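Given next are the chains, with one letter for each unit.
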Amino acid sequence: MRLFETANYTIIPHRKIGYAISLTLVVISLVAIFGRGLQYGIDFRGGIEIVIAFEQPAQVEELRSALTEPLGAMPEIRRFGAGQDLLIRVDTDRSTSEVQQAVLAAAASVYPDNPSSVIQTENVGPSFADDLRNAALMSIVFALIVIFLYILIRFKKWSYSAGAVAALAHDVIITLGIFTILHGVVPFSLDINQALIAAFLTIVGYSLNDTVVVFDRIRENSLIFKTESFDKMVNRSVNNTLSRTVVTSITTLFVVTILFIFGGDVLKGLSFALIIGVLLGTYSSIFVASSLLVDLQLKTRKNVA
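Residues numbered from 1 in each chain as written. Predicted model: local features only at pLDDT ≥ 70, side-chain atom pairs only at ≥ 80, totals over all residues. Heavy atoms only, no water.

**A short note on the confidence of the model for the protein chain**
Looking at the protein chain as a whole, the pLDDT averages 86, with 95% of positions reaching at least 70. Taken element by element, the predicted model of the protein chain shows its lowest mean pLDDT in helix α2 (residues 42–45) (73) and its highest in helix α1 (residues 15–36) (95). (pLDDT = per-residue confidence, 0-100. Helix = DSSP H or I, 4+ residues; strand = E, 2+ residues; numbered from the N terminus.)

Shown next as structure tokens:
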């Protein structure tokens, strides 16, 4: 892109603005996560989840009232997709077939002239759900530890590792916060499930790739511009890679946006996470990882001096 071919923006000198924006977003996200709680899907919570399709629109409240007594618990019901489908989720000890029969019987009694059918069923036990949730958490933590060690070995300085991992944690926390805040607001599922964990790991990989490209240029320029101050050299490096970073992000964003629009309801949560991750990964590689690297390096040199 010609806009960035000879880029010479003052990014690093204004890094405190980036810190303020990032800190605000992280605080809002943490308040949402700890205040409202993560909205786990059936994978991580356990229970039975059924998607039922009606020929005509059905009322959520009427069906919920009709199902509470047969199921022995108030089910969670919400619209699924753009049609007349409803997603019914209930935490019960009953078998899947018993729940299906209860749901269809209740639907037939409330809407005798509106036929319905079960189009999707999922059943996860509580202990298995706990195992899955713990494994998902450990996979993200393990990925961050491995990335810290990889960057440390590649660039020989802990400040590079700290900057990269902080940027990745920044991306994951804000994405989780956005999912928590928008859960129940947008017309598609934002449950935290296994697909979303895969999206988070993809976000980590994408964001790391952007960061490594910038760090590589910083290392090259540190050998070429030895007399230049470190923050100016990093700013030069960020500008050198800006075109590549923006073009890569736009093309990736184009693909995941198509996936979001045409991928169907099952993939909307995953593709929405990827859209957020691409935007945050691009931002954090410039305004978080590189900026933290500058401050950590300057502090280390000051302590040594």
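**Quick notes on the pattern of salt bridges**
Applying the stated criterion across every chain yields a total of 8 salt bridges. The partner of R89 in a salt bridge is E49, with the nearest N and O atoms 2.6 Å apart. Taken together, the positions of R89 in strand β3 (residues 85–90) and E49 in strand β1 (residues 47–54) put the pair 40 residues apart, joining distant regions of the chain. Assigned by exposure class, R89 and E49 land together as buried. One salt bridge in this structure joins D191 and R89, with 2.5 Å as the shortest N-O distance. Placement of D191 in the loop between α6 (158–182) and α7 (194–224) and of R89 in strand β3 is noted, with a sequence separation of 102 residues between them. What makes D191 buried here is its relative accessible area of 6%. Overall, the relative accessible area of 3% leaves R89 in the buried class. Taken together, the salt bridges that share partners define one network made up of E49, R89 and D191. (Salt bridge = Lys/Arg side-chain N within 4 Å of Asp/Glu carboxyl O. Buried < 20%, exposed > 50% of the residue type's maximum accessible area, 1.4 Å probe, protein only.)

**Section: the nonpolar core**
Formed by 56 residues in total, the largest nonpolar core has its most connected members in I151, F179, F215, I218 and V234. Where this core is concerned, the elements lending two or more residues are α1, α5 (126–155), α6, α7, α8 (230–262) and α9 (265–304). The residues touching F215, leaving out its near neighbours within four places in the chain, are F155, Y160, A164, A289, S290 and L293. In terms of nonpolar packing, the next biggest core, distinct from the first, is built from 19 residues, V60, L67, L86 and A106 among them. (Core = buried A, V, L, I, M, F, W, Y, C linked by side-chain atoms within 4.5 Å. Contact = heavy atoms within 4.5 Å.)

**Topic: the packing of aromatic side chains**
Here the distance between the centres and the angle between the planes together describe a pair of aromatic rings. Taken as a whole, this structure holds 7 aromatic pairs when the rule is applied. Consider the rings of F54 and Y111, whose centres lie 5.7 Å apart with planes at 75°: the pair is edge-to-face. With F54 in strand β1 and Y111 in the loop between α4 (96–110) and β4 (116–124), this pair connects stretches of sequence that are 57 residues apart. The exposure classification of F54 matches that of Y111, with both residues buried. Ring geometry for F155 against F215: centres 5.7 Å apart, planes inclined by 85°, an arrangement best described as edge-to-face. Taken together, the residues F155 in helix α5 and F215 in helix α7 connect sequence positions 60 residues apart. Overall, the relative accessible area of 5% leaves F155 in the buried class. On the basis of relative accessibility, which here comes to 0%, the residue F215 falls in the buried class. Among the aromatic residues, ring-to-ring pairing joins F155, Y160 and F215 into one connected group. (Phe/Tyr/Trp six-rings, centres within 6.5 Å; stacked < 30°, edge-to-face > 60°.)

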